[in-house]
Each structure stands twice: as C-alpha cells, then as structure tokens.
Amino acid sequence: MTAHSPAVPAAETPGMRLGNARRGDMAATEDDFAEFVRVALPGLMRYGHALTGNPHDAADLVQTVLEKVGARWSRIDDNCQDPTAYVRKAMANAHISRWRRTRKETLLAEFPDVPSVPQQDRLENEPIWEALRELPPRQRAVVVLRYYEGLSETEIADTLGVSCGTVKSQASKAMSALRKRLDSQAEGGDA
Amino acid sequence: MDPEHELQRVLRDERLDVPVRTGAEWSMVAAARRRRHRNAALAAGAVALLAVLGTGGGIAVVQMGSEEPAPRPSPPVIQNPTHAPNPPHGTQRPDPQGGQSPGTPPQWIPPGGTGGGDRTEQPRRTEEPDPRRTSESPEPSILRRPVETAPSESEQETAPPDGDATAPNSPSDSEPEKQQETSPQETAPQAPSGGSGSGTGQQNTPGG
C-alpha cells in the first residue's frame, strides 16, 4: 500500500494567475446570469406565451434567446441598463425570424398528435386569444408589446427595429383583423 | 365587443403563466457555456484557416516571382569566311562616291567607335556587331544603314562597285552603296593602319 504524499503546490506563475483570474471572472459572470434568469424567467415565459400563442413554443423561444444572451452576458450586462428589455426585444425579433423561416416549410402530413394526458388549453375558450393566434407574427408582436408591456409606439419601433409608421400600420391592421374576427364569431354565436 | 378591452383582459390573465421547473436557470447557464465554447472553437478554426491560406498565398507569390524566365542571350555573330579578314585596328574609309573625290581625306575610324566628324547618318546599330565590318578590310564605310542585314550585305558585296576606284587594294566586294553614305566633307583624315590585310596600307591622299 503506497502512501500518496500530497503534492507540493507549484509556485504560481503569471500565466496561472491570469488563468485563475479569468476562471474567477467567468464563474462570477455565470452566477450573475443565473441570478438574472431565476428572477426574469417567469415573466419571460409569460411574454413568450403571449407572443407565440403556445406554451411549448414559448419555452423553446425563451431557451434559445437566453442561450445566446448568456454566451455574451458580460458584455450585455455592462452595456445595457435593462437586460430584461434587451431579452424581450431579442425574443420578439427571434419569433418573427423563426416564423419567416418555418413559413417556407411544406407540411407533407399532419400527425394526429394525441396526448397521453389530455391537457386543456387554458386560454382555448377565449375568442380573442384564438383571434390573436391567427395574426401574423409582427402584428401580434406589436399588439403584445402595446397591451402587455405597455410600450409606446416609439418604444415598440425601437424594440422591433422598424419605423413608427410601420408600427402604426401594423397595429391598425391587427386591430381591424381582431375586430373582424370577433364580429364574425359574435355573429356566428348569435346565429 | 371592444378588441382593446379584450386584449388587456386576456393578456393579464393568470392562465398566461407557464410553469417553470426548479433549477432551470442552471440549465440556461450550461447551455450558454456550451455555446460560448462552440463560438470560440469556430473562431479559432477560422483564424487558423485564414493563416494557412495567407501563408500558402504568400508562398505561391514568391514562387511565381522566382520563376521568371532569364533574359535570352543575344545570338552569336557568325563571320563570313569568304571575305578577307579585316585588320583588328580601325579601317579606312575610302571615298564612298566611287573614286576619290578631291579633298576628301581618308577617315580612320577606330574600332568600336565612329569617326569624330561622322555626323551623317543614321544611328549605328549596337545590338549585334556586323560581321562584315571585321572581315572586310577596305569597306568604304563602317556605318551601316539600319535596314541592312547580313544576307543583304553579302549581296551588295558581290555586286561590282560602280566604277569606284576606292583604293588599290580594295576588294571587289566593296559596297558601293556604303560608299555613298559618307559625304566627302565629313570624312576625316585617316591615320594609316599598320596592320596586315589588304586594305591596311592604303591611304587616300587628298587630290589624288
């Protein structure tokens, strides 16, 4: 049975000190990011749910965006006054980009997806919710940012990276589509 | 039904909340760490690829520059063995007019140089030494016309001179055309050449 004598700790070289410092900085950054996610995640998930109309798509969207933000967290935290607003901005743009990408896909068949445990969509019975899900992603983002986040037209334009005129036109189109859908549903219900 | 009112109501509904499992934030941290490592590896690969391409391009450029063809040497000059060899020294320049015009001193032209008073003519070709000049002693003029070539010169030399009594020892292959090149007033007195050869001892004395 051999006795393992403790190794004599080698003298720290400048390179080792620099590496340890970097690791320490990285650990601190990761802890900071974890704290941010812990605090902001419920609100971001709710926001994603309003944006996508689907909780599974909302979780996917939030995870994708937070992964990109976390990789550059040290820079974002230093430059942004409100990282939550930055993340929400990124989520809106990511949702629009994803919708544009998946729109080109051609569905060959629809799978009869029958869940093992029937889960009722909690907002399924709301007509406004169904009407909101049928809107294009940019119009829905404008509506959500306006009525969920309470942002002004200028702030919405800055978030989405478009002009104020585009925000106004998108909001007008969205509201007219919602009104038309609600009226048709009311007439159908009445009939 | 007012859409704005309905929107505000639905978007504040609790049913919009999505339950999140405990410890989900550490999954996000791990995913962000993996993404950071992947980006760093991609950046390092791109830098290495650029370095290889730059090095290869530089080597290719250097090789292309070192492979430039060497300048071609001038073709060797072939002397015509049929003519009498010229003396190594300067040759006389007899009167190109076909006879010694009075008052035209013979001109001695050192080898490799033109006469001092020779301003006539066309610039002398310096690319190739004319074999004729060295082989023919009693040539009336060393200066050649620019258009003349070796074969053409041989033809001229075989033609009989046009009644020119250039020099007693001038061979039959003197070139009457060349005799016309130099004007009488431009010929300078020639120094006698002591070398061997047919035309060496001649002197065109003025007046005679």
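All of the points below concern the structure found in this document. (Residues numbered from 1 in each chain as written. Chains lettered and ligands numbered in written order. Predicted model: local features only at pLDDT ≥ 70, side-chain atom pairs only at ≥ 80, totals over all residues. Heavy atoms only, no water.)

## Quick look at the environment of A:Asp57
Residue and element names in this part refer to chain A.
Then comes step 1: Topologically, Asp 57 is positioned in helix α2 (residues 55-71).
Then comes step 2: When the C-alpha positions of Asp 57 and Met 45 are compared, they lie 9.9 Å apart, and in sequence the two are 12 residues distant.
Then comes step 3: Aside from chain neighbours lying at most four places away, what touches Asp 57 is Thr 52 and Arg 98. (Helix = DSSP H or I, 4+ residues; strand = E, 2+ residues; numbered from the N terminus. Contact = heavy atoms within 4.5 Å.)

## Here's the deal with helix α7 (residues 153-160) of chain A
Residue and element names in this part refer to chain A.
Then comes step 1: Residues Ile 156, Ala 157, Thr 159 and Leu 160 constitute the buried set of α7. The buried residues of α7 occupy an angular sector of 160 degrees when projected down its axis, which confines them to one face. Along α7, the residues that are exposed and aim more than 90 degrees away from the buried face are Thr 154 and Asp 158.
Then comes step 2: Positioned one or two residues after α7, Gly 161 has a phi angle of 75 degrees, which is positive. (Buried < 20%, exposed > 50% of the residue type's maximum accessible area, 1.4 Å probe, protein only. Arc of directions from axis to C-beta.)

## Details of the pattern of salt bridges
Side-chain pairs of opposite charge can arise where the charged atoms are in close proximity.
Then comes step 1: The full count for this structure, using the stated rule, is 14 salt bridges over all chains.
Then comes step 2: Linking A:Arg88 and A:Glu149 is a salt bridge whose minimum nitrogen-to-oxygen distance equals 2.7 Å. Within this pair, whereas A:Arg88 is found in helix α4 (residues 83-103), its partner A:Glu149 is found in the loop between α6 (137-147) and α7, the two being separated by 61 residues in sequence.
Then comes step 3: Note on A:Glu149: relative accessible area 22%, which makes it partly exposed.
Then comes step 4: Residues joined by salt bridges that share partners form a network here, namely A:Glu126, B:Glu6, B:Arg9, B:Asp13 and B:Arg15. (Salt bridge = Lys/Arg side-chain N within 4 Å of Asp/Glu carboxyl O.)

## Description of the packing of aromatic side chains
Within a pair of aromatic rings, the relevant descriptors are the distance that separates the centres and the angle that separates the planes.
Residue and element names in this part refer to chain A.
Then comes step 1: One pass over the full model with this rule turns up 3 aromatic pairs over all chains.
Then comes step 2: Ring pairs connect the aromatic residues Phe 33, Phe 36 and Trp 73, which therefore count as one cluster.
Then comes step 3: Sitting over the ring of Tyr 47, Arg 88 keeps its end group 5.6 Å from the ring centre. (Phe/Tyr/Trp six-rings, centres within 6.5 Å; stacked < 30°, edge-to-face > 60°. Lys NZ or Arg CZ within 6 Å of the ring centre and 35° of its normal.)

## Things to note about the packing of α6(A) against helix α1 (residues 3-11) of chain B
Then comes step 1: Axis separation between α6(A) and α1(B) bottoms out at 10 Å; the angle between their running directions is 75 degrees. Relative to α1(B), the element α6(A) is oriented roughly perpendicular. Residues A:Val143, A:Val144 and A:Tyr147 of α6(A) form the contact with α1(B), whose participating residues are B:Glu4, B:Leu7, B:Gln8 and B:Leu11.
Then comes step 2: For the contact of α6(A) with α1(B), a count of residues per class yields 5 nonpolar, 1 polar and 1 charged. (Axes fitted to C-alpha atoms, helices over the stretch in contact; angles between N-to-C directions. Parallel < 35°, antiparallel > 145°, perpendicular 65-115°, else oblique. Nonpolar A, V, L, I, M, F, W, Y, C, P; charged D, E, K, R; others polar.)

## Some remarks on the interface of chain A and chain B
Then comes step 1: Facing 33 residues of chain A, the contacting portion of chain B comprises 28 residues.
Then comes step 2: Interface area, chain A with chain B, both sides summed: about 3200 Å², of which 68% is carbon and sulfur.
Then comes step 3: Counting across the chain A and chain B interface gives 7 salt bridges.
Then comes step 4: A salt bridge links A:Glu126 to B:Arg9; the shortest N-O distance between them is 2.7 Å.
Then comes step 5: Summed over the shared surface of chain A and chain B, the number is 10 residue pairs in polar contact (both at pLDDT 80 or more).
Then comes step 6: Those elements that place two or more of their residues in the side of chain A that touches chain B are α1 (14-52), α2, α5 (127-133), α6 and α8 (164-190) of chain A.
Then comes step 7: Of all the elements, α1(A) adds the most residues to the side of chain A that touches chain B, at 12 residues.
Then comes step 8: Class assignment of the residues belonging to the side of chain A that touches chain B gives a composition of 21 nonpolar, 3 polar and 9 charged. (Buried area = accessible area lost by both parts, 1.4 Å probe. Polar contact = N/O pair within 3.5 Å; in protein donor to acceptor, adjacent residues only side chain to side chain.)

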